Amino acid sequence: MRSVSSHQLPSPNDLLVLLTVARLGRFNAVAEALGTTHTTISRRILALDAELGGRTLERSPHGWELTELGRHAVSAAEAIEDRLGALATAISQTDPLSGLLRISTIDGFGAEIVTPALVKLQQSHPRINIEMFSATRKVSQNRSGVDLEIVAGRNDVNNAQAMFLTNYFLRLYASREYLLGRGAPRTLDDVALHSFVSYVESALLVTDLGYRSSELPEPATTFQATSLFAQLEAVQAGAGIGLLPNFLVHDRPEFVPVLRADFQRQLPIWAVVRAESLRSPVVRAAIEAITLEIANRPTAFSE
């Protein structure tokens, strides 16, 4: 790594741009977060590389990753960010937590747990802005574009840290009207005589959420939807037996457990985050807020 003379000191603004790229992984996402363009971000990174005398980023299947020189530059950028935050707090005497948080989360958990957690966080720290993207998908090898990702299923990640949040259960439920009209199955084999509500299997990325991986018999008819909330409405309307997460229906008497003693599936939920993002106070605060929300609802995730 070449030394940098005094007249070649890198621009603090360019260093902060690099820090944002390290956290989000994609120039387009950085441009959106900073309110500029992909071309401008690329130009700022090229200028920084010229100032430092080497490349700070290299492309990988997971988005842009830091080189050794880039990691040194990001450490300097984090120090600048910390000092600027301290200065802003001293001047305005306001809460030091501020900035944009971009988070991707699975559908139902995002609505039931993540949303109220982040609303409370924002109410306590009103200088935080939040962009939340709902996507029911497995742990991804391409975590670019967001600061924090909430996913379900098996933990198989590289170039990021996966933190366990909680386990939850998928169980069988139906409406009272459906069970009165069709009768309740007495065994798992009886499910073959019923209609079933679940995800669209061909579009499902987390196979553990689907019917095919449940080892239940093929149902007589199906109602499949990519939206978990559409599935909830379908089950409530009497479309059939549904495979639903307990944290969404455990306190709703209109959803009647079916074969509770015979079938359930346990799945973990993870917070996945890049190392650079995890050093952000806002990201750490978001994870703490979500963890607290889970802890405050023990019955939602119990057996």
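For the structure, check the block above.
Read on for a plain summary of the structure. Not measured: the values here are computed from a predicted model.

### Some thoughts on the side chain of Asp14
Inference 1: Along the polypeptide, Asp14 turns up in helix α1 (residues 12-24).
Inference 2: Polar side-chain contacts of Asp14 include one of 2.5 Å to the side chain of Arg44.

### Brief notes about the pairing of strand β4 (residues 128-134)
Inference 1: As paired strands, strand β3 (residues 99-105) and β4 are joined by 7 bridges and run parallel to one another. Residue pairing in the sheet places Ile103 in a bridge with Met132 of β4.
Inference 2: The β-α-β motif built from β3, the intervening helix α5 (residues 107-124) and the parallel element β4 has right-handed crossover chirality.

### Digging into unusual backbone geometry
Inference 1: Its identity as a non-glycine residue notwithstanding, Glu215 has a phi of 65°, on the positive side.
Inference 2: Take Glu215: it is sitting in the loop between β7 (195-198) and β8 (221-224).
Inference 3: Exposure remark for Glu215: the relative accessible area of 75% places this residue in the exposed category.

### Considering the environment of Pro116
Inference 1: Position of Pro116 relative to the elements: it lies in helix α5.
Inference 2: Taking the C-alpha atoms as reference, Pro116 lies 9.2 Å from Ala289; in sequence the two are 173 residues apart.
Inference 3: Among residues more than four places away in sequence, those in contact with Pro116 are Ala111, Glu293 and Arg297.

### Structural notes on the packing of α1 against helix α2 (residues 27-34)
Inference 1: Two elements in contact, α1 and α2, have axes separated by 9 Å at closest approach and are oriented at 120°. With respect to α2, the element α1 is oriented oblique. With respect to the hand of their crossing, α1 and α2 are arranged in right-handed fashion. Counting all contacts with α1, which are made through Val17, Thr20, Val21 and Leu24, the residues of α2 involved are Phe27, Ala29, Val30, Ala33 and Leu34.
Inference 2: For the contact of α1 with α2, the residue count by class is 8 nonpolar, 1 polar and no charged.

Basis of the calculations
- Residues numbered from 1 in each chain as written.
- Predicted model: local features only at pLDDT ≥ 70, side-chain atom pairs only at ≥ 80, totals over all residues.
- Heavy atoms only, no water.
- Helix = DSSP H or I, 4+ residues; strand = E, 2+ residues; numbered from the N terminus.
- Polar contact = N/O pair within 3.5 Å; in protein donor to acceptor, adjacent residues only side chain to side chain.
- Pairing = 2+ DSSP bridges.
- Right-handed = clockwise from strand over helix to strand, strands pointing away.
- Buried < 20%, exposed > 50% of the residue type's maximum accessible area, 1.4 Å probe, protein only.
- Contact = heavy atoms within 4.5 Å.
- Axes fitted to C-alpha atoms, helices over the stretch in contact; angles between N-to-C directions.
- Parallel < 35°, antiparallel > 145°, perpendicular 65-115°, else oblique.
- Left-handed = near helix turned anticlockwise from the far one by under 90°.
- Nonpolar A, V, L, I, M, F, W, Y, C, P; charged D, E, K, R; others polar.

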